[in-house]
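Breakdown of the fold
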Amino acid sequence: MKLDGKVPPGPLPEKWTKYRSSMPLVSPSNKMRLEIIVVGSGLAGAAAAASLGELGYSVKCFTFHDSPRRAHSIAAQGGINAAKNYFNDGDSVGRLFYDTIKGGDYRSREANVYRLAEVSNNIIDQAVAQGVPFAREYGGMLENRSFGGVQVSRTFYAKGQTGQQLLLGAYQALSRQIAKGTVKMYNRHEMLDIVTIEGKTRGIITRNLVTGEIERHAAHAVLLCTGGYGNVFYLSTNAMNCNVSAAWRAVRRGALMANPCFTQIHPTCIPQSGDYQSKLTLMSESLRNDGRVWVPGKKEDAKAIQEGRKTALDIPEGDRDYFLERRYPAFGNLVPRDVASRAAKVACDEGLGVSPTGLAVFLDFSDAFERYGRSTANIKGIHNPDAATILQLGQKVIEDKYGNLFEMYEKITGENPYKLPMKIYPAVHYTMGGVWVDYNLETNIPGLFVLGEANFSDHGANRLGASALMQGLADGYFVIPYTIGNFLSKDIKTPKISTDAPEFVKTAEEVQARLNMLMNIKGNQSAESFHRRLGKLMWEYCGMGRTAEGLAKGRPLVRALREEFYRDLYVPGTMNEFNPELEKAYRVADFLELGELLMIDAQNRNESCGGHFREEFQNDKGDAVRNDEEYAYVAAWEWMDTSKDPILHKEELTFEYAELKTRSYE
């Protein structure tokens, strides 16, 4: 199989503009006769369904939630990037492009990244028009803040609720199309397989999660907007329902899974407090604008904090190690996520952690309280303010910027972050890998498109903060409405697809048989227990640090766990009813296969880049060392038969505009 990214010719800054002007179109009268299925209702899915409905296509949108508003996009906190340059601090489309390519450690497709940067400004205009309440500065202009891996302020935000507000904006647009009848919404429906007819994707098989009924749904094209697979690690910042099943079922039908080992560890997560936890909670990266990351410089102080004999307030300034500022002076606390996460791990591995488990570092806002307090006092005409006044005024500024995040932290940990520094530690967050797509966001299976986090295309080996919302909305609002025409323009004579076609009947029977098999194992262990064990294997052997030895050991352990799953799984209840345990079982079954492929991909890539840190490949400072001569490619895996080894297909990456060089944030 030869992978063709279908990148249009011409200079990078002109590709998308010229391509849009020359690609095939579907006339309004023909759009009404064409059906499109959108799976997922987060930012990518809701934006795509609303936009395609507005264009006149007949759209069916599916979500396993009770409402599109429940999609995990709602959990994004810190912001969304765009190259508006409102601060006149040197930002531009070209700089956003370069920061994203560099942040991804040069493992993403250049043309896709430039297009993302190019349409970023349109996203902000669209969201403002929808009424998204972005923060504004005194003069009424939209406010910006900085995020990791950049030296400009380009992140638009709505306190710590940016994902929620953007999702509500997209949901309003979607609801309008539902009311008009161009979009039909299927809540509480989960996609369990895709259907192909004569080599083209023509529909999906779903399960009604309320009744248990297996349903067939046909369309001329299918869009998967189903998010990432971070829950393969069990403990992550993802919602518990986040899964890989839609994407993985496409892989089992022949779609390619690209760069699955590129998983992101987020540095500012509330540390795990016990084995009873089923998920972790993220503290927004935006907090690193004002918070300083540190650990005690002496092991005896760290030990005293771990044992509760001291607090952060007992450590004098001279005995604190602000390790990000020390190691990366040019970017300081705003280094990219992968860099900050590894630095925190190194500090904790040296015995300097500050939680009872030793796996936490401090995120301290005391300097920000002082800085903002003095500035506010000056504005108010308060001369020579005392320390209490400065603290009160400074805390009010921080509360206005991050109040809901501070409140959330206190509710979860029981500690007041206005009095004591936050404790944070890295955790699995986002997945840069995903289903392989070309420039049109189409997979190697014609008619199957993948948008947002579910595809691999934009972030390389590491995603910069505030770029997930950008990609989801860019794909949904401004890319797929154009590029889907390349496929559908050749389908205008194709009549409505019938769900009585033999391919639909056969696929539905296969889905039914798979569910029956899971129900009939009748073993002794729950799907949840298998998921927890898988997560521990993935974290130990394929987590923040990976080695050839560990991966070689981990893969057979995952295979053995999968074999045990099919021998000893117990699913209570019946299939033809509301049965969340059955939902969990088929999701875990897919995770058990993906987990093995993730380890295979990590073992194959003998280099360190971004979130993929092979401990054998690092410099004397502990930073990642790439191997561009051998691994400057997209690893796209074909794995339709899991009894055999997967087949690797390579898309070579070329860099015409971005200079391929060692990433440095010093």
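Notes on the structure in this doc start here. (Residues numbered from 1 in each chain as written. Predicted model: local features only at pLDDT ≥ 70, side-chain atom pairs only at ≥ 80, totals over all residues. Heavy atoms only, no water.)

Let's shift gears to the side chain of T263. With respect to the helices and strands, T263 occurs in strand β11 (residues 263–269). A polar contact of 2.9 Å, which involves the side chain of T263, links it to the side chain of R546. Residues within four places of T263 in sequence aside, it is in contact with Y229, F233, Y430, T431, M432, R546, L598 and G611. (Helix = DSSP H or I, 4+ residues; strand = E, 2+ residues; numbered from the N terminus. Polar contact = N/O pair within 3.5 Å; in protein donor to acceptor, adjacent residues only side chain to side chain. Contact = heavy atoms within 4.5 Å.)

By the element assignment, K423 lies in strand β15 (residues 422–431). For K423, a relative accessible area of 18% puts it in the buried group. Sequence-distant contacts of K423, that is, excluding residues within four places in its chain, are made with C269, I270, P271, V354, A360, V361, F362, Y409 and E415. (Buried < 20%, exposed > 50% of the residue type's maximum accessible area, 1.4 Å probe, protein only.)

Turning our attention to unusual backbone geometry. Phi at K6 takes a positive value of approximately 50°, unusual for a residue other than glycine. Among the structural elements, K6 can be located in the segment before α1 (15–22). Unusually for a residue other than glycine, E198 sits at a positive phi of about 55°. Its location among the elements puts E198 in the loop between β6 (189–197) and β7 (200–208). Accessibility expressed as a relative area gives 78% for E198, which makes it exposed.

Close contact between helix α7 (residues 245–252) and helix α17 (residues 580–604) brings their axes to 10 Å; oriented N to C, the two are set at 60°. Relative to α17, α7 is oriented so that their crossing is left-handed. Residues S245, W248, R249 and R252 of α7 touch α17, and the partners they reach there are Y586, R587, D590, E593, L594 and L597. Tallied by class, the residues present in the contact of α7 with α17 amount to four nonpolar, one polar and five charged. (Axes fitted to C-alpha atoms, helices over the stretch in contact; angles between N-to-C directions. Left-handed = near helix turned anticlockwise from the far one by under 90°. Nonpolar A, V, L, I, M, F, W, Y, C, P; charged D, E, K, R; others polar.)

Take the pairing of strand β8 (residues 214–218) next. Most of β8 is tucked away: four of the five residues are buried. Judged from the five bridges that link them, β7 and β8 form a sheet pairing that is antiparallel. Residue pairing across strands places G203 opposite A218, the latter belonging to β8. The hairpin turn running from β7 into β8, its antiparallel successor, is five residues long, and G212 in that turn takes a positive phi close to 85°. (Pairing = 2+ DSSP bridges.)

Another aspect to go through is the pattern of salt bridges. Taken as a whole and judged by the stated rule, the model has 55 salt bridges. For D91, the salt bridge is made with R154, and the minimal N-O distance between the two is 2.7 Å. Residue D91 is located in the loop between β3 (80–81) and α4 (93–103), and its partner R154 is located in the loop between α5 (110–129) and β4 (155–156); the two are separated by 63 residues in the primary sequence. We note that D91, like R154, is buried. K303 is the salt-bridge partner of E307, the closest N and O atoms lying 3.8 Å from each other. Each member of the salt-bridge network shares a partner with another, and the members are D105, R107, D338, R342, R605, E607, R626, D628 and R663. (Salt bridge = Lys/Arg side-chain N within 4 Å of Asp/Glu carboxyl O.)

Let us now look at the packing of helix α15 (residues 527–542) against helix α16 (residues 548–568). In the contact formed by α15 and α16, the axes pass within 9 Å of each other and the chain directions differ by 175°. Classified by the interaxial angle, the pair formed by α15 and α16 is roughly antiparallel. For the pair α15 and α16, the contacting residues are F530, R533, L534, L537, M538, Y541 and C542 in the first and G550, L551, K553, G554, L557, V558, L561, E564, F565 and D568 in the second. Per-class residue counts for the contact of α15 with α16 are eleven nonpolar, two polar and four charged. (Parallel < 35°, antiparallel > 145°, perpendicular 65-115°, else oblique.)

What follows is about the packing of aromatic side chains. Applying the stated criterion to the full structure yields 22 aromatic pairs. With 6.3 Å between their ring centres and 50° between their planes, W294 and Y322 make a pair best called tilted. Of this pair, W294 sits in strand β12 (residues 292–296) while Y322 sits in the loop between β13 (320–321) and α9 (323–327); the two residues are 28 residues apart in sequence, bridging distant segments of the chain. According to the relative accessible area criterion, W294 is buried, its value standing at 0%. Relative accessible area serves as the criterion here: at 10%, Y322 is assigned to the buried category. Seen in terms of ring centroids, F369 and Y418 are 6.2 Å apart; in terms of plane orientation they differ by 25°. Their pairing is stacked. You can see F369 sitting in helix α11 (residues 366–379) and its partner Y418 sitting in the loop between α12 (387–413) and β15, a full 49 residues away along the chain. Look at F369 and you get buried, because its relative accessible area is 4%. (Phe/Tyr/Trp six-rings, centres within 6.5 Å; stacked < 30°, edge-to-face > 60°.)

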